[in-house]
2 protein chains.
Amino acid sequence: MANYEQLKLSNQLCFPLYVCAKEVVRLYKPLLDDLDLTYTQYITMMAMWEHQQLTAKELGEILYLDSGTLTPVLKTLEKKGFVERQRSKDDERSLIVTLTDVGQDLQHKAASIPEKMVSCIDMELEDLQTLHRLLHKFMRTSIQ
Amino acid sequence: MANYEQLKLSNQLCFPLYVCAKEVVRLYKPLLDDLDLTYTQYITMMAMWEHQQLTAKELGEILYLDSGTLTPVLKTLEKKGFVERQRSKDDERSLIVTLTDVGQDLQHKAASIPEKMVSCIDMELEDLQTLHRLLHKFMRTSIQ
DNA sequence: TTAAATTAAATTGTGTAAAATTTATTTTCT
DNA sequence: AGAAAATAAATTTTACACAATTTAATTTAA
């Protein structure tokens, strides 16, 4: 009988990646609850804080999300008053998403989140930097 | 006006982790379609191939999934004939999940998946090993 | 020894994700 | 110009994830 060593969970790269990603989102939850944001809404707001205005297509490219995910997220963020959605006059197919003043203010409340998160993770800075570098390398070589 | 450098997506560790995890699941999809498995069903089957029989609780601990996720996954796997679900006679609260012969046979079809996945990822083995090691370290230090 | 606490699954509700399809708009090509 | 192709969102469908609650069974403790 074959051993199928390579089919064991402990030998997979995908599995700890999948578990860690979920865990990080779970660690964010109590911090994001204070801002009334989910994790997906948070990364969307990070993109908006950086750019003030983006089309839905651009947001999808930045966040690696398709319209099936992004459309309801943007409608929710609009309902909460953090962004506005309007069609482009140049091209009615495009949806322009604009950061509101309320959305901009939210950045102040979010300012402390990154350091709080780092303090949740008990790893040396060097390891975290290596992890960051390798994940970016993975994205460059495997995505698209 | 503050710069909020630490709130930029490019400075987050969480974001590439989240993107890479989703991408890996997406890369698995065409391979898993041949087995009629989703990614969550696949990791569940990996645990079952390794242990033959587990309680739902044990599966949840191994896979870091709660009953809200696992209950429907196990019902689907039972419907496909890959596992059987029955209550423990010792403790009626426990659900015992058992690998069926059909489920066992599926391992042969899955045997080629790991190498196919590695060939999808254009990174040196050393980088992949480092990534694996750091993600496990992250799990040990941050989860629970 | 039986009421209280704990435990294990299942259920419910909310929010993603992605594939596939649809709708509306714009661009390209003849 | 007008048909065909391409593009951008939105919608639909399927399948997670997780928090919170519920149900049923078991254990603990007064």
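On a predicted model such as this, the values are computed, not experimentally measured, just so you know.

Calculation rules
- Residues numbered from 1 in each chain as written.
- Chains lettered and ligands numbered in written order.
- Predicted model: local features only at pLDDT ≥ 70, side-chain atom pairs only at ≥ 80, totals over all residues.
- Heavy atoms only, no water.
- Pairing = 2+ DSSP bridges.
- Helix = DSSP H or I, 4+ residues; strand = E, 2+ residues; numbered from the N terminus.
- Axes fitted to C-alpha atoms, helices over the stretch in contact; angles between N-to-C directions.
- Contact = heavy atoms within 4.5 Å.
- Buried area = accessible area lost by both parts, 1.4 Å probe.
- Salt bridge = Lys/Arg side-chain N within 4 Å of Asp/Glu carboxyl O.
- Polar contact = N/O pair within 3.5 Å; in protein donor to acceptor, adjacent residues only side chain to side chain.
- Nonpolar A, V, L, I, M, F, W, Y, C, P; charged D, E, K, R; others polar.

Peer 1: So what about the sheet that holds strand β2 (residues 83-87) of chain B? Which residues, and what values?
Peer 2: All names here are of chain B. Ordered by their spatial adjacency, three strands build an open sheet running β1-β3-β2, and the pairing between neighbours is antiparallel. The sheet terminates laterally at β1 (53-55) and β2, the two strands that pair on one side only. The sheet shows a mean angle of 25 degrees between the axes of neighbouring strands, direction not considered. Relative to strand β3 (residues 95-99), β1 runs antiparallel, the two sharing three bridges. Bridging across to β3, Q53 finds its partner in T98. Of the strands in this sheet, β1 and β3 touch helix α3 (residues 56-63), which is tilted by about 90 degrees from β1. Sheet contacts for helix α4 (residues 67-79): β2 and β3; angle to β2, the most-contacted strand, approximately 120 degrees.

Peer 1: Describe the interface of chain B and chain A, listing the residues and the values that go with them.
Peer 2: Taken together, the contact between chain B and chain A spans 60 residues of the former and 60 residues of the latter. Together, the buried faces of chain B and chain A total about 5,800 Å²; carbon and sulfur atoms form 73% of this surface. Taken together, the links from chain B to chain A amount to four salt bridges. The partner of A:K137 in a salt bridge is B:E124, with the nearest N and O atoms 3.6 Å apart. Seen at the junction of chain B and chain A, the total is ten residue pairs in polar contact (both at pLDDT 80 or more). Counting residues per element, the ones that place at least two in the side of chain B that touches chain A are α1 (14-33), α2 (39-51), α3, α5 (101-110), α6 (113-120) and α7 (125-142) of chain B. In terms of residue class, the side of chain B that touches chain A is built from 39 nonpolar, 13 polar and eight charged.

So far we have only geometry, and geometry alone does not tell us how the molecule works.
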